[in-house]
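# Fold and geometry: a report
Okay, here's what each chain looks like letter by letter:
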Amino acid sequence: MAHVVIIGGGFAGVWSAAGAALARGDADLRITLIAPNDHLVLRPRLYEPDPDSAKVELRRILGPIGVEHVRASVRTIDTGRRVVVADGRELGYDRLVLAAGSELVRPEGLPGAERLFDIDTLEGARRLERRLRGSDGYSAVVVGAGFVGLEAATALAARGRVLLVDRSDVVGHELGPGPRAEIEAALDELGIERRLGSTVTEVGDGYAVLSGGAKVAADVVVWAGGLRAGGLTRQISDDLDHLGRVPVDRWLRALPEVFAAGDVAAAAYDAEHPVMQACQHATPLGKVAGYNAAADLLGVPPREFTPGPYVTCLDLGGAGAIFTRGWNRRVMASGAEGTAVKKLINQAIHPPVDDAEKILAAADAVYLDLPFFPRDNDEVQGEDEAVTAA
Ligand SMILES: Cc1cc2nc3c(=O)[nH]c(=O)nc-3n(C[C@H](O)[C@H](O)[C@H](O)COP(=O)(O)OP(=O)(O)OC[C@H]3O[C@@H](n4cnc5c(N)ncnc54)[C@H](O)[C@@H]3O)c2cc1C
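This structure is a prediction, so every number in the text was calculated from the model and none was measured. (Residues numbered from 1 in each chain as written. Predicted model: local features only at pLDDT ≥ 70, side-chain atom pairs only at ≥ 80, totals over all residues. Heavy atoms only, no water.)

### Things to note about the side chain of arginine 180
Using the following cut-off: Numbering of helices and strands runs from the N terminus; a helix is a DSSP stretch of H or I covering at least four residues, while a strand is a stretch of E covering at least two. Note on classification: 1.4 Å probe, protein chains only; a residue is buried when its accessible area is under 20% of the maximum for its type, exposed when over 50%, partly exposed between these limits. Positive charges come from Lys and Arg, negative ones from Asp and Glu, while His and the chain ends are left out of the count. When a carboxyl oxygen of Asp or Glu lies within 4 Å of a side-chain nitrogen of Lys or Arg, that pair is called a salt bridge. Side-chain atoms alone can form a polar contact between residues adjacent in sequence; in general such a contact is a pair of N or O atoms within 3.5 Å, and within protein one must be able to donate a hydrogen while the other accepts it. Every residue pair with non-hydrogen atoms within 4.5 Å of one another is taken to be in contact.
Within the secondary structure, arginine 180 sits in helix α5 (residues 180-189). Salt bridges are absent for the buried arginine 180, whose nearest opposite-charge side chain, glutamate 184, sits at 5.4 Å. A polar contact of 3.0 Å, which involves the side chain of arginine 180, links it to the backbone oxygen of valine 171. In this structure, arginine 180 is in contact with Val170, Val171, Gly172 and His173, ignoring residues within four places of it in sequence.

### Here's the deal with the domain arrangement of the chain
Let me state the cut-off plainly: Residue ranges for the domains trace back to a domain assignment, done automatically or taken from a database. Here's the idea: put two parts together, see how much 1.4 Å probe accessible area each one loses, and the total over both is what we call buried area.
Per the domain assignment, the segments of the chain are domain 1 (3-103 + 227-389) and domain 2 (106-223). Distance between the C-alpha centres of domain 1 and domain 2: 28 Å. Taken together, the contacts link 25 residues of domain 1 with 23 residues of domain 2. At the boundary of domain 1 with domain 2, total buried surface from both sides reaches about 1900 Å², with 67% on carbon and sulfur atoms. Per-residue buried area on domain 1 facing domain 2 is highest for Tyr47, Leu314 and Arg329; these three make up 27% of the total on that side. At the junction of domain 1 and domain 2, the tally comes to 3 salt bridges. Residue arginine 43 pairs with aspartate 120 through a salt bridge whose shortest N-O separation is 2.6 Å. Counting across the interface, domain 1 meets domain 2 through 7 residue pairs in polar contact (both at pLDDT 80 or more). Looking at the side of domain 1 that touches domain 2, the elements with two or more residues in it are β23 (311-315) and β24 (321-325).

### A look at the site of the ligand
Short version of the rule: Nearness here has a simple test: a residue counts as near a molecule or strand if at least one of its heavy atoms is within 4 Å of that partner. Under the convention used here, a 1.4 Å probe and the Shrake-Rupley method define accessible areas, while residue burial counts only the protein chains that appear. We call Asp, Glu, Lys and Arg charged. Ala, Val, Leu, Ile, Met, Phe, Trp, Tyr, Cys and Pro are nonpolar, and the rest, Gly among them, are polar.
Taken together, 33 residues surround the ligand, and among them Ala12, Arg43, Val74, Asp263 and Cys279 come closest. Within the contact set of the ligand, an oxygen atom lies 3.4 Å away from a backbone nitrogen or oxygen of glutamine 277. With respect to the ligand, the side chain of lysine 342 contributes an N or O atom lying 3.1 Å from an oxygen atom. Protein burial of the ligand: of its 1000 Å² of free accessible surface, 88% is covered by the chains. Of all the secondary-structure elements, those providing two or more residues to the shell around the ligand are α1 (11-24), α4 (147-156) and α6 (279-298). For the shell around the ligand, the per-class residue count stands at 19 nonpolar, 10 polar and 4 charged. Each of domain 1 (3-103 + 227-389) and domain 2 (106-223) accounts for three or more of the residues forming the shell around the ligand.

See below:
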């Protein structure tokens, strides 16, 4: 029987599995997902105080749709022999979906690096939570004022003093100027100090040293230095982008028998923008890549990756959240209204469980259907163009 193998049990891998099961229908096709974890980790929620609530058992998604789960890590992809090696065991494939996600970019050679905390993985978020449990009034340094660092810093400010450090001269550098005033106002409201144009050069017991030599109190230093695709991408392509991602065509094919989805895939969002390393894109990428991997074997027409309007929602803790749309990230909701949007998004990214019909219907739907999400790409693009022209 033909075999689709998926590497990764995050958003992209799980939705690839559901996409492949959708394309399979009643046909004979074996689908296997390889991942070391028993849970889908809802990484966008790992800044929350109870990280263990941000997980969903894989068996409750994969079981009902007839997808086998092999608990292992893939070390080798042999595209010539169409085999992957996972914890010493070889598995053959007819079509492969690489969905092995991303990892935090860690500092090289930083003295005290072993003391750093992060919220990149469930284990990382648990470790931070254990360290801070019952210790209100702590001093925290968060390194990286991007999306993850801002969510970490504003969440930590609920119970302690926070210093936010970034090499860039502005907060939210990658988010652009659109939401910056709201972000700065939120940081001011929460009393979060900033050291911009700076970084941490040493971490010790209860302190961190900043570039320039200043020593600051730090019960914890949380590293949020950005994400990069995992190393398996190098086994698929020599032509990776700056985030280590594999180039794919609009059917998400990287090689004749290999598709890629999620944080490993450098898919085009439109003529100007690649997709983001975001679950907002990992989910539809997975649905399409898995569908196409199975469709290719079954002679079913493939689906094109046609992303919905680009939005972001950044949680700013006690200062609310901001919801933006378009690549200029125009703020559409902030404060308590933004928090309400974030809550709905965080519920919506939880996949249906225990019910094959609902899981397959969600795989077919490709985009999140939320009341405040724009429906029309042209409308959002029109707004983007108006902002650029102004
Ligand atoms: C704190 C935080 C906040 C975020 N907030 C948002 C947000 O608000 N909105 C948003 O859209 N995105 C957000 N993101 C980004 C989002 O979480 C990622 O883009 C998304 O998780 C990518 O999904 P993925 O399936 O590609 O990869 P991952 O979630 O990284 O999953 C990868 C999977 O592959 C497995 N794997 C890795 N290597 C191997 C291997 N060698 N063999 C087998 N399996 C392997 C892993 O165990 C895991 O199961 C956030 C991320 C973080 C860390």
